Amino acid sequence: MSVVHQLLRALPKGIVITGSENTRAYECDGLSVYRQKPLAVVLPENIEQVKQVLQICKTNNTPVVTRGAGTGLSGGAMPLEKSIVLGLSKLNRVKSIDVKNRLAVLEPGVRNIAISEAVKEHGLYYAPDPSSQIACSIGGNVAENSGGVHCLKYGLTVHNVEALKVLTIDGEELVLSRKDDGLGLLALMNGSEGLLGIIIEITVKLTPMPQLAKVVMAAFDSVRDCANAVADIIKAGIIPAGLEMMDKFAIEAAEGFAQVGYPLDAEALLLCELDGTEAQVQAELDTVLKVLSGASTLKVSESEAERLDLWKGRKSAFPAVGRLSPDYYCMDGTIPRRYLADMLEKINELSKKYKLRVANVFHAGDGNLHPLILYDANVPGELEKTEEFGTDILKLSVDMGGTITGEHGVGVEKLNAMCHQFNSKELEIFHKIKQAFDPDSLLNPGKAVPELHRCAELGAMHVHNGKLPHPELERF
Amino acid sequence: MTDRIAQLQTLVRASDNLHINTEWLDYAGVVEYYPEELVITVKAGTSIKEIKKTLAKNSQSYFFRE
């Protein structure tokens with residue numbers, strides 16, 4: 001009997017989805033250029049059923065690709081040929097809220113925004129806020145160690161998770177907590193991209209809502225001045241609640257879409273949010289306005305409505321850029337803040353070289369870039385050219401002392417870039433960790449960590465000191 | 001300095017109970033500090049006082065207690 005038949009027999013009606021048309025909705029995640037239909041999709045309604053799925057898949061040596069809401073941007077939840085997709089969206093209960101200790105216990109399918117909605121009446125919220133927060137699930141957030149605008153001040157997912165319950169491929173339940181001594185397994189599980197276990201319960205830290213938040217909008221005549229202002233704000237001892245930058249192209253796109261009053265003659269725009277008590281916000285505002293005195297336009301939100309308006313343009317920047325091109329590719333490199341200006345210049349040069357337009361709209365405070373490369377998938381060869389452009393950006397990020405991903409994960413998208421970031425010994429250790437949890441390699445195999453022969457074939461093995469590309473760059 | 005580290009390595013290898021006084025090494029000072037990165041690299045013998053003084057110039061601090 002095939003694995004699909006065994007699943008159909010073991011589980012109640014409506015849990016197992018089969019057939020080419022029915023599984024089509026699950027053939028990709030948010031990175032829709034990569035598609036693959038699975039053998040079947042299983043949407044369990046309780047943990048017992050999750051265990052049954054794992055047991056059947058293990059017996060049949062069938063790979064399992066775990067999926068949250070499918071909003072990921074690196075292909076982490078893309079099915080594999082002959083795999084089962086294990087979708088956890090039906091496990092969406094908020095199990096308990098502990099107001100006194102500011103904790104919430106959640107099932108993996110709870111949507112990110114639903115956590116904040118559930119605790120709002122207590123004056124609390126869940127701080128990490130990926131752009132997809134109305135749809136993405138907390139289980140997926142943990143698997144990808146998701147970020148968002150507020151992560152500069154309040155930390156990434158890993159900093160906001162207190163404990164996890166994880167099922168191993170053998171169905172064993174692991175309970176990992178921040179309080180554990182020894183190996184940092186809780187941190188290891190954050191960003192493990194479905195390779196180590198199935199996350200079935202998450203305890204998150206809740207944050208008190210700030211009394212007041214104000215946003216400063218600063219426009220600049222030069223990209224370099226704007227990028228340097230980012231570094232100067234941090235240098236002045238201020239950690240804003242959000243510090244976002246947009247280049248001219250992104251400003252024009254966002255303004256055309258949202259009409260919020262961004263200055264169209266500016267080369268770059270900074271949005272700096274400050275939150276806390278009234279006194280804190282005022283003190284930080286004084287410093288920030290001093291640092292930003294070189295801006296051509298400077299505006300502080302005077303009301304909550306105005307603050308939300310100023311953010312509206314930034315938040316709609318991605319769909320706004322989407323109106324200007326048939327397709328766009330969103331990159332996710334991260335670099336030290338002091339190289340932001342150099343990096344943006346180099347991206348501009350690459351844009352000319354590849355003859356592809358780029359809009360930059362990103363978490364500048366974190367040094368987390370999101371260049372959006374505009375292309376047309378219907379033009380033969382243009383996607384390949386775009387991917388090459390993207391790889392160049394990621395290589396530059398590594399060369400500047402940064403990383404190939406800030407918050408979107410590796411998935412299938414950045415396997416080649418991983419060869420540039422890590423040497424073969426480091427990659428071997430990653431494979432050993434995977435083997436320790438999943439010796440038969442059944443959990444999302446082939447994702448996140450490239451096989452060594454793949455890197456060798458690319459000829460992109462880690463270059464050792466002394467032979468680094470871009471020797472003109474200062475390094476850590 | 002290289003000589004001193006080599007000397008120390010010899011001592012460590014020869015002994016299984018050794019107290020290391022980093023002051024003796026004169027191994028102190030800031031290696032690298034970019035305030036905009038919120039990261040500081042210091043040599044092991046650097047005094048907490050000196051680190052705090054360096055950071056305070058940029059309204060920054062760090063969490064270790066004295």
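About the thresholds
- Residues numbered from 1 in each chain as written.
- Chains lettered and ligands numbered in written order.
- Predicted model: local features only at pLDDT ≥ 70, side-chain atom pairs only at ≥ 80, totals over all residues.
- Heavy atoms only, no water.
- Contact = heavy atoms within 4.5 Å.
- Buried area = accessible area lost by both parts, 1.4 Å probe.
- Salt bridge = Lys/Arg side-chain N within 4 Å of Asp/Glu carboxyl O.
- Disulfide = S-S within 2.5 Å.
- Helix = DSSP H or I, 4+ residues; strand = E, 2+ residues; numbered from the N terminus.
- Phe/Tyr/Trp six-rings, centres within 6.5 Å; stacked < 30°, edge-to-face > 60°.
- Buried < 20%, exposed > 50% of the residue type's maximum accessible area, 1.4 Å probe, protein only.
- Pairing = 2+ DSSP bridges.
- Axes fitted to C-alpha atoms, helices over the stretch in contact; angles between N-to-C directions.
- Core = buried A, V, L, I, M, F, W, Y, C linked by side-chain atoms within 4.5 Å.
- Patch = residues over 30% accessible without salt bridge, like charges linked within 9 Å, V, L, I, M, F, W, Y side chains within 5 Å.
- Areas by Shrake-Rupley, 256 points an atom, 1.4 Å probe, with all protein chains shown as cover.
- Lys, Arg positive; Asp, Glu negative; His and termini not counted.
- Charge placed at Lys NZ, Arg CZ, Asp CG, Glu CD.
- pLDDT = per-residue confidence, 0-100.

1. Some details on the interface of chain B and chain A
Next, step 1: Taken together, the contacts link nine residues of chain B with twelve residues of chain A.
Next, step 2: In terms of surface lost to chain A, no three residues of chain B exceed B:Y34, B:E36 and B:E37, which account for 57% of the buried area on that side.
Next, step 3: Viewed at the interface, chain A and chain B are joined by two salt bridges.
Next, step 4: Measuring nitrogen to oxygen at the nearest pair gives 3.8 Å for the salt bridge that ties A:R337 to B:E37.

2. Notes on the state of the cysteines
Residue and element names in this part refer to chain A.
Next, step 1: Within this structure, the stated rule accounts for one disulfide over all chains.
Next, step 2: Residue C419 pairs covalently with C455 via a disulfide, S to S 2.0 Å. The disulfide joining C419 to C455 has a torsion of about -75 degrees about its S-S bond and is therefore left-handed. With C419 in helix α16 (residues 415-421) and C455 in helix α18 (residues 452-458), the pair connects residues that are 36 residues apart, well separated along the chain.

3. Structural notes on the packing of aromatic side chains
Residue and element names in this part refer to chain A.
Next, step 1: Under the definition given, this model contains four aromatic pairs over all chains.
Next, step 2: Judged by centre distance (5.2 Å) and plane angle (10 degrees), the rings of Y354 and F389 are stacked. Linking Y354 in helix α14 (residues 340-354) with F389 in helix α15 (residues 382-399), this pair joins segments that are 35 residues apart in sequence. One exposure class covers both Y354 and F389, and it is buried.
Next, step 3: Taking the centre distance of 5.0 Å and the plane angle of 85 degrees together, the rings of F422 and F430 count as edge-to-face.

4. Some remarks on unusual backbone geometry
Next, step 1: For A:N444, which is not glycine, the phi torsion reads 45 degrees and is therefore positive.
Next, step 2: Within the fold, A:N444 resides in the loop between α17 (424-437) and α18.
Next, step 3: Residue A:N444 is classed as buried on the basis of its relative accessible area of 1%.
Next, step 4: Backbone geometry at B:S59 places phi at a positive 50 degrees, although glycine is not the residue there.
Next, step 5: Note on placement: B:S59 falls in the segment after α3 (48-56).
Next, step 6: By relative accessible area, which is 54% here, B:S59 ends up exposed.

5. Describing the sheet that holds strand β5 (residues 94-98) of chain A
Residues and elements named next belong to chain A.
Next, step 1: The five strands are arranged β5-β6-β10-β8-β9 in an open sheet whose pairing can be described as antiparallel. Two strands close off the open sheet at either side, each with one partner strand: β5 and β9 (173-177). The sheet shows a mean angle of 10 degrees between the axes of neighbouring strands, taken without regard to direction.
Next, step 2: In the sheet, strand β8 (residues 161-167) pairs with β9 via five bridges, with the strands oriented antiparallel. Counted as the bridge partner of V166 is L174 from β9.
Next, step 3: Along the sheet face, helix α3 (residues 47-59) touches β8, β9 and β10 (198-205) and points at about 50 degrees away from the line of β8.

6. Here's the deal with the nonpolar core
Residues and elements named next belong to chain A.
Next, step 1: Among the nonpolar cores identified, the biggest contains 83 residues, and L164, V204, M245, L270, L292 and F389 are the most heavily contacted of them.
Next, step 2: Setting aside residues no more than four positions away along its own chain, M245 makes contact with V223, C226, A227, V230, A268, L269, L270, L344, N360, V361, F362 and A364.
Next, step 3: Residues V149, V215, V321 and C330 belong to the second largest nonpolar core, which totals 27 residues.

7. Quick notes on a negative patch on the surface
All names here are of chain A.
Next, step 1: A cluster of acidic residues, D221, D225, E252, D265 and E267, forms a negative patch on the protein surface.
Next, step 2: Residue position: E252 is located in helix α10 (residues 248-258).
Next, step 3: Taking the relative accessible area as the measure of exposure, E252 reaches 40% and is therefore partly exposed.

8. Structural notes on the confidence of the model for chain A
Next, step 1: Looking at chain A, the pLDDT average stands at 94 and 96% of residues meet or exceed 70.
Next, step 2: Under a pLDDT of 50 for its full length, residues 460-476 of chain A has, in the predicted model, 33 contacts with residues more than four places off or in other chains.

9. Re the side chain of B:T54
Next, step 1: Relative to the elements of secondary structure, B:T54 occurs in helix α3.
Next, step 2: Non-local contacts of B:T54, meaning those with residues more than four positions away in its chain, are made with B:V30, B:Y33 and B:I40.

10. Section: the sheet that holds strand β17 (residues 358-362) of chain A
Residues and elements named next belong to chain A.
Next, step 1: Strand order across the open sheet formed by seven strands is β15-β12-β14-β13-β17-β18-β16, with antiparallel pairing between neighbours. The two strands at the open ends of the sheet, each matched to only one other strand, are β15 (297-300) and β16 (327-330). Ignoring which end each strand starts from, the neighbouring axes of this sheet average 15 degrees apart.
Next, step 2: Of the pairings in the sheet, the one linking strand β12 (residues 212-220) to β15 comprises four bridges and is antiparallel in character.

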